[in-house]
Amino acid sequence: MIEALKRRNRTLLEMHAGMLFFGAVCQAAGVLFLNNPASYTVSLWFGIAFAIAGSIHMCRTLERALLRGGEASGIVTRGYLFRYAVVAAVLIVISMTEAMNPLVFFLGYMSMKVTAYLQPITHKLCNRLFHEEDPAAESLTEEAEAQEGEIPVQNI
């Protein structure tokens, strides 16, 4: 199973781990303080499922955009608009039908944003799980820095 996880997109895996961790924390807090934990649970995990689907869509959109070059901006914008239109439509349906709590659904969907802050933690956990280490940073030489335009090289 670890080998199958290693073949996946590492950043996407770390995002999903962060979303699940955030969901577990919100679940524990919600069950302790609410009088209707069933509705809270369904709404929260439905939102997290949407966040996971949204992150997969975002990853595929970015991969497609990188292959297109000049059309990349339009592809990314259309993907962004599609994701948020779907979330807005789902929020409207949830609000109209009262099937779930729209605020808790939105909390679950925002796990995608919280994941950005949890990324250093999930990255370290994934490194431990896969028995890997990040490569050590190497300093640039003066010639390499000069090629990048940071330091002018003077030949005397």
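No experiment lies behind these values; they were computed from the predicted model shown.

What counts, and where the lines are drawn
- Counting restarts for each chain, with residues numbered from 1 along the sequence as it is written.
- A pLDDT threshold of at least 70 governs which residues receive local features in this predicted model, and a stricter bar of 80 or more applies before side-chain atom pairs are shown or counted, although totals over entire chains, interfaces and linings include all residues.
- Values reported for side chains reflect all heavy atoms of the structure, with hydrogen atoms and water molecules removed beforehand.
- Elements are defined by DSSP. Helices are runs of H or I of four residues or more, strands are runs of E of two residues or more, and each kind is numbered from the N terminus.
- In this analysis, two residues are considered to be in contact whenever any of their non-hydrogen atoms come within 4.5 Å of each other.
- Reported accessibility uses the Shrake-Rupley method at a 1.4 Å probe radius. Residues are deemed covered only where the shown protein chains occlude them.
- Only the contacting stretch of a helix is used when fitting its axis, a line to C-alpha atoms as for every element, and angles between N-to-C directions run 0 to 180 degrees.
- Each angle gets one of four labels, with under 35 degrees taken as roughly parallel, over 145 as roughly antiparallel, 65 to 115 as roughly perpendicular, and the rest as oblique.
- Put simply, a crossing is left-handed when the front helix is turned counterclockwise from the back one by less than a right angle, and right-handed when it is turned clockwise.
- Amino acids are sorted into nonpolar (Ala, Val, Leu, Ile, Met, Phe, Trp, Tyr, Cys and Pro), charged (Asp, Glu, Lys and Arg) and polar (every other residue, Gly among them).
- Nonpolar cores were defined as sets of buried Ala, Val, Leu, Ile, Met, Phe, Trp, Tyr and Cys residues, with membership established by side-chain atoms within 4.5 Å.
- For the exposure calls, accessible area comes from a 1.4 Å probe over protein chains only, and a residue counts as buried if that area is under 20% of its type's maximum, exposed if over 50%, partly exposed in between.
- Every case where a carboxyl oxygen of Asp or Glu lies within 4 Å of a side-chain nitrogen of Lys or Arg is listed as a salt bridge.
- The pairing test for Phe, Tyr and Trp rings, Trp by its six-membered ring, is centres within 6.5 Å, and the orientation test on the planes gives stacked under 30 degrees, edge-to-face over 60, and tilted for anything in between.
- By definition here, a helix of n residues has an expected span of 1.5 Å times n minus one.
- Patch membership requires more than 30% relative accessible area and the absence of a salt bridge. Residues of like charge join within 9 Å; the nonpolar side chains Val, Leu, Ile, Met, Phe, Trp and Tyr join within 5 Å.

K.L.:
Kindly report on the overall build of the protein chain, identifying the contributing residues and their values.
P.N.:
Counting its regular elements, the protein chain contains seven helices and zero strands. At a minimum sequence separation of 6, the contacts of the protein chain that also span at least 24 residues come to 68%. In the form shown here, the protein chain has an accessible surface area of approximately 10900 Å², with 64% of it arising from carbon and sulfur atoms.

K.L.:
I'd like a description of the packing of helix 3 (residues 37-68) against helix 4 (residues 72-97), backed by residues and values.
P.N.:
Working note: a packed helix pair is described by the angle between its axes plus the distance between those axes. The geometry of helix 3 relative to helix 4 is characterised by a closest axis approach of 8 Å and an angle of 165° between their N-to-C directions. In terms of orientation, helix 3 and helix 4 fall into the roughly antiparallel class. Classified by chirality, the crossing of helix 4 by helix 3 is right-handed. Contacts from Phe46, Phe50, Gly54, His57, Met58, Thr61, Leu62, Arg64, Ala65 and Arg68 of helix 3 reach helix 4 at Ala72, Ile75, Val76, Gly79, Phe82, Arg83, Val86, Val87, Val90 and Ile94. Classifying every residue of the contact of helix 3 with helix 4 gives 13 nonpolar, four polar and three charged.

K.L.:
Got a sec to walk through the nonpolar core? Specific residues and values, please.
P.N.:
If you look at the biggest cluster of nonpolar residues, it comprises 16 residues, and the most contacted ones within it are Met19, Leu44 and Met112. Elements with a contribution of two residues or more to this core: helix 2 (10-33), helix 3, helix 4 and helix 5 (102-109). What Leu44 contacts, discounting residues up to four positions off in sequence, is Gly23, Cys26, Gln27, Val104, Leu107 and Gly108.

K.L.:
I'd like a description of the pattern of salt bridges, backed by residues and values.
P.N.:
With the rule as written, the count across this model stands at one salt bridge. With a closest N to O distance of 3.5 Å, Glu71 and Arg68 form a salt bridge. Residue Arg68 is classed as partly exposed on the basis of its relative accessible area of 47%.

K.L.:
Could you give me a rundown of the packing of aromatic side chains, with the residues and numbers involved?
P.N.:
Counted according to the given criterion, the structure contains five aromatic pairs. Judged by centre distance (5.6 Å) and plane angle (75°), the ring pair of Phe50 and Phe105 falls under edge-to-face. Taken together, the residues Phe50 in helix 3 and Phe105 in helix 5 connect sequence positions 55 residues apart. Chaining the aromatic ring pairs together yields one cluster made of Phe46, Phe50 and Phe105.

K.L.:
So what about unusual backbone geometry? Which residues, and what values?
P.N.:
Positive phi, normally seen in glycine, also occurs at Glu98, with a value near 55°. Here Glu98 lies in the loop between helix 4 and helix 5. With relative accessibility at 69%, the residue Glu98 sits in the exposed group.

K.L.:
Report on the side chain of Asn127, specifying residues and quantitative values.
P.N.:
Locating Asn127 in the fold gives a position in helix 6 (residues 111-129). With a relative accessible area of 9%, Asn127 lands in the buried category. Contact partners of Asn127, with chain neighbours within four places excluded, come to Arg10, Glu132 and Asp134.

K.L.:
Quick one: what's the story with helix 2, residue by residue and with numbers?
P.N.:
Spanning 24 residues, helix 2 covers 35 Å between terminal C-alpha atoms, matching the ideal 34 Å at 1.5 Å per step. Here helix 2 has its buried residues at Leu12, Leu13, Glu14, Met15, His16, Gly18, Met19, Phe22, Gly23, Cys26, Gln27 and Gly30.

K.L.:
With reference to specific residues and values, describe the side chain of Gln27.
P.N.:
Mapped onto the elements of the fold, Gln27 is located in helix 2. Setting aside anything within four residues of it in sequence, one finds Gln27 in contact with Tyr40, Thr41, Leu44 and Trp45.

K.L.:
Summarise a nonpolar patch on the surface; cite the residues concerned and give the values.
P.N.:
Together, Leu32, Phe33 and Leu34 give the surface a local cluster of nonpolar side chains, amounting to about 380 Å² of exposed area. Following the sequence through the fold, Phe33 ends up in helix 2.

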